[in-house]
Amino acid sequence: SGSINVGELAEKLNKETNEIIKKLMFLGVMATKNQDLDTDAIELICGEYGVEVEQEIEIDKTDLATYIEEDDQKKLKERPPVVTIMGHVDHGKTTLLDSIRNTKVTEGEAGGITQHIGAYQVEANGKKVTFLDTPGHAAFTSMRSRGAQVTDIAILVVAADDGVMPQTIEAINHAKAAEVPIIVAVNKIDKEGANPDRVMQELTEHELIPEDWGGETIFVQLSALKGEGIDDLLEMILLVAEVEELKANPNRLANGTVIDAQLDKGRGSVASLLVQNGTLKVGDPIVVGNTFGRVRAMVNDLGKRVKSVGPSTPVEITGLNDVPLAGDRFVVFKDEKTARQIGEMRQQKELEVKRGDKAKVSLEDLFERI
Ligand code: GTP
Ligand code: MG
């Protein structure tokens, strides 16, 4: 926040880090790759490459955030929580995701062919919950590094026969950095040698203290394999969601984040989006990352064609003229002309940044990456 280091500046300018370090040395600044630079040093280096640093804060017309109007609080309505499952290798993340999906989705939606669109929704106690099924770490690292925050609640899966492991700690750190509440799922309690108490004990060292022990962290014991404890987990998720007061305005143009995207032989660019605010409709003019288009068709997580989807809903769309990246933001515009203009502006800027020549790099821009 508010600073940029040598390596990041090098990347932004499309130069080798060593080259920047040498230039800095020449200018009398001794710096290492991870060292933060002050404004003077940034300007000196950019000057060396003929790159203008714009200090004045001006409206960046290529920044999608510029086009998202703030909501009137009165228009906000409750929305489903978006949940990510994290944890150490083999502790049961995939089994848990499958188990939740199998026990819950089929109830009212029998016959639906499940699609892997990077996320799915289930219903519990009449309320919806959205699960991202991209590996939790990837969701956090790649998306957050692109400035996207998609998760409301993190489920930390810890196998009761294995305990806290390196990636457990990594997951805790990611969730804490993102300020996302953690629910601990102590998994594999059916296994011989399972020791849930030990897991709880070990997690106290990472400030995850069960309510029974005077802390604030919710622990749920389960067997993802046998489908035991799934209802408890969903109940706790809804409880945390209520405390978080998650809200959105369904009556506006949509915006959100790309969960996944690829090029399909028959359908062209296919992108899985998570609608975070507003309602996304077929026909909507849309800018997604550095690409744009009109939403041609939408398919939900059950493989069904849908015409419109509201907040916290994952959906797969076609109609974009290129393939965006996971973590890219999307914004719907009133008319196609505006979407095209902004999309083209963003493409142009991307090209300029890639070329690195004479590109105007604003300080705001530099800071945006951090
Ligand atoms: P990675 O994706 O490789 O990180 O693993 P994961 O966390 O997704 O674990 P996965 O769901 O693949 O489960 C790993 C192994 O543990 C599999 O053989 C599962 O069948 C088994 N397993 C998962 N949950 C349970 C459980 O509740 N009880 C028992 N006994 N085995 C489980
Ligand atoms: Mg897995």
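All of these numbers come straight from a predicted model, not from anything done at the bench.

**Some details on the site of ligand 1**
At step 1: Looking at ligand 1, there are 15 residues lining it, with K93, T94, T95, D190 and A224 nearest.
At step 2: Here K93 contributes a side-chain N or O atom positioned 2.8 Å from an oxygen atom of ligand 1.
At step 3: K188 is positioned such that a nitrogen or oxygen atom in its side chain is 3.0 Å from an oxygen atom of ligand 1.
At step 4: Protein chains bury 69% of the 650 Å² of accessible surface belonging to ligand 1 in isolation.
At step 5: If you tally residues by element for the shell around ligand 1, the top one is helix α4 (residues 93-104), at three residues.

**Section: the pattern of salt bridges**
When their charged atoms lie close together, side chains carrying opposite charge are able to pair.
At step 1: With the rule as written, the count across this model stands at 12 salt bridges.
At step 2: Of the charged contacts, one joins E344 and R340 as a salt bridge, the two residues approaching to 3.5 Å between their closest N and O atoms. Taken together, the residues E344 and R340, both in helix α10 (residues 336-355) and four residues apart, mark about one turn of the helix.
At step 3: For E344, a relative accessible area of 38% puts it in the partly exposed group.
At step 4: Judged by relative accessible area, which is 43%, R340 ranks as partly exposed.
At step 5: Salt-bridge contacts for E350 lead to K354; the nearest nitrogen and oxygen are separated by 3.7 Å. Pair noted here: E350 and K354 are both in helix α10, with a separation of four residues, about one helical turn.
At step 6: In this structure E350 comes out as partly exposed when scored by relative accessible area, which is 32%.

**Remarks on the packing of aromatic side chains**
The description of an aromatic ring pair rests on the distance of the ring centres and on the angle between the ring planes.
At step 1: Summed over all chains, the structure comprises two aromatic pairs.
At step 2: With a centroid separation of 5.4 Å and an interplanar angle of 70°, the aromatic rings of Y67 and F333 are classed as edge-to-face. Here the residue Y67 occupies a position in the loop between β3 (53-54) and β4 (77-78), and F333 occupies one in the loop between β20 (329-332) and α10, the gap between them amounting to 266 residues.
At step 3: Looking at Y67, the relative accessible area reads 27%, which means it is partly exposed.
At step 4: Classification of F333 by relative accessible area gives buried; the value is 8%.
At step 5: With a centroid separation of 5.7 Å and 35° between ring planes, the pair formed by Y120 and F131 is classed as tilted. In this pair, Y120 sits in strand β6 (residues 119-124) while F131 sits in strand β7 (residues 127-132), placing the two residues 11 residues apart along the sequence. Of the two residues, Y120 and F131, both sit in the buried class.

**A look at the pairing of strand β15 (residues 285-288)**
At step 1: Side chains P285 and V287 of β15 all project onto a buried face; the interleaved residues I286 and V288 project onto the opposite face, where all are buried too.
At step 2: Across four bridges, β15 lies against strand β16 (residues 291-299) in antiparallel orientation. Its bridge partner lying in β16, V287 is registered against F292.
At step 3: By the bridge criterion, three bridges tie β15 to β20 in an arrangement that is antiparallel. Pairing of V288 across the sheet is with F330, part of β20.

**Some details on the nonpolar core**
At step 1: Core analysis: the biggest nonpolar cluster contains 27 residues, and L96, I100, F131, I155 and I237 have the highest contact counts within it.
At step 2: Sorting the residues of this core by element identifies β5 (82-87), α4, β6, β7, β8 (153-159), β9 (182-187), β10 (218-221) and α9 (230-244) as the ones contributing at least two each.
At step 3: Tallying contributions element by element places α9 first for this core, with seven residues.
At step 4: The residues touching F131, leaving out its near neighbours within four places in the chain, are V83, I85, L97, I100, G118, A119, Y120, V122, L234 and I237.
At step 5: Counting residues in each nonpolar core, the second largest holds 19 residues, with V164, A175, L203 and F219 among its members.

**Concerning the side chain of R79**
At step 1: With respect to the secondary-structure elements, R79 resides in the loop between β4 and β5.
At step 2: Owing to a relative accessible area of 16%, R79 belongs among the buried residues under this scheme.
At step 3: At 3.2 Å, the side chain of R79 and the side chain of S312 are in polar contact.

**A look at unusual backbone geometry**
At step 1: One non-glycine residue, D90, lies in the positive phi region at around 70°.
At step 2: Assignment of secondary structure puts D90 in the loop between β5 and α4.
At step 3: With relative accessibility at 63%, the residue D90 sits in the exposed group.

**Notes on the side chain of T62**
At step 1: Among the structural elements, T62 can be located in the loop between β3 and β4.
At step 2: In terms of polar contacts, T62 uses its side chain to reach the side chain of K349, at 3.1 Å.
At step 3: Every residue in contact with T62, bar those within four places of it in the chain, is listed here: M345, R346 and K349.

**Here we look at the packing of α4 against α9**
At step 1: The geometry of α4 relative to α9 is characterised by a closest axis approach of 10 Å and an angle of 90° between their N-to-C directions. Between α4 and α9, the angle falls in the class roughly perpendicular. Together, L96, S99, I100, T103 and K104 of α4 and I230, D231, L233 and L234 of α9 make up the contact between the two elements.
At step 2: The residue makeup of the contact of α4 with α9, split by class, is five nonpolar, two polar and two charged.

**As for the sheet that holds β6**
At step 1: The six strands lie next to each other as β6-β7-β5-β8-β9-β10, forming an open sheet whose pairing is mixed. In this open sheet, the two edge strands, each paired with only one partner strand, are β6 and β10. Across the sheet, the mean angle separating the axes of adjacent strands is 30° when strand polarity is ignored.
At step 2: For β5 and β8, the ladder comprises five bridges, and the chain directions are parallel.

Definitions and cut-offs
Residues numbered from 1 in each chain as written. Chains lettered and ligands numbered in written order. Predicted model: local features only at pLDDT ≥ 70, side-chain atom pairs only at ≥ 80, totals over all residues. Heavy atoms only, no water. Near = heavy atom within 4 Å. Polar contact = N/O pair within 3.5 Å; in protein donor to acceptor, adjacent residues only side chain to side chain. Areas by Shrake-Rupley, 256 points an atom, 1.4 Å probe, with all protein chains shown as cover. Helix = DSSP H or I, 4+ residues; strand = E, 2+ residues; numbered from the N terminus. Salt bridge = Lys/Arg side-chain N within 4 Å of Asp/Glu carboxyl O. Buried < 20%, exposed > 50% of the residue type's maximum accessible area, 1.4 Å probe, protein only. Phe/Tyr/Trp six-rings, centres within 6.5 Å; stacked < 30°, edge-to-face > 60°. Pairing = 2+ DSSP bridges. Core = buried A, V, L, I, M, F, W, Y, C linked by side-chain atoms within 4.5 Å. Contact = heavy atoms within 4.5 Å. Axes fitted to C-alpha atoms, helices over the stretch in contact; angles between N-to-C directions. Parallel < 35°, antiparallel > 145°, perpendicular 65-115°, else oblique. Nonpolar A, V, L, I, M, F, W, Y, C, P; charged D, E, K, R; others polar.

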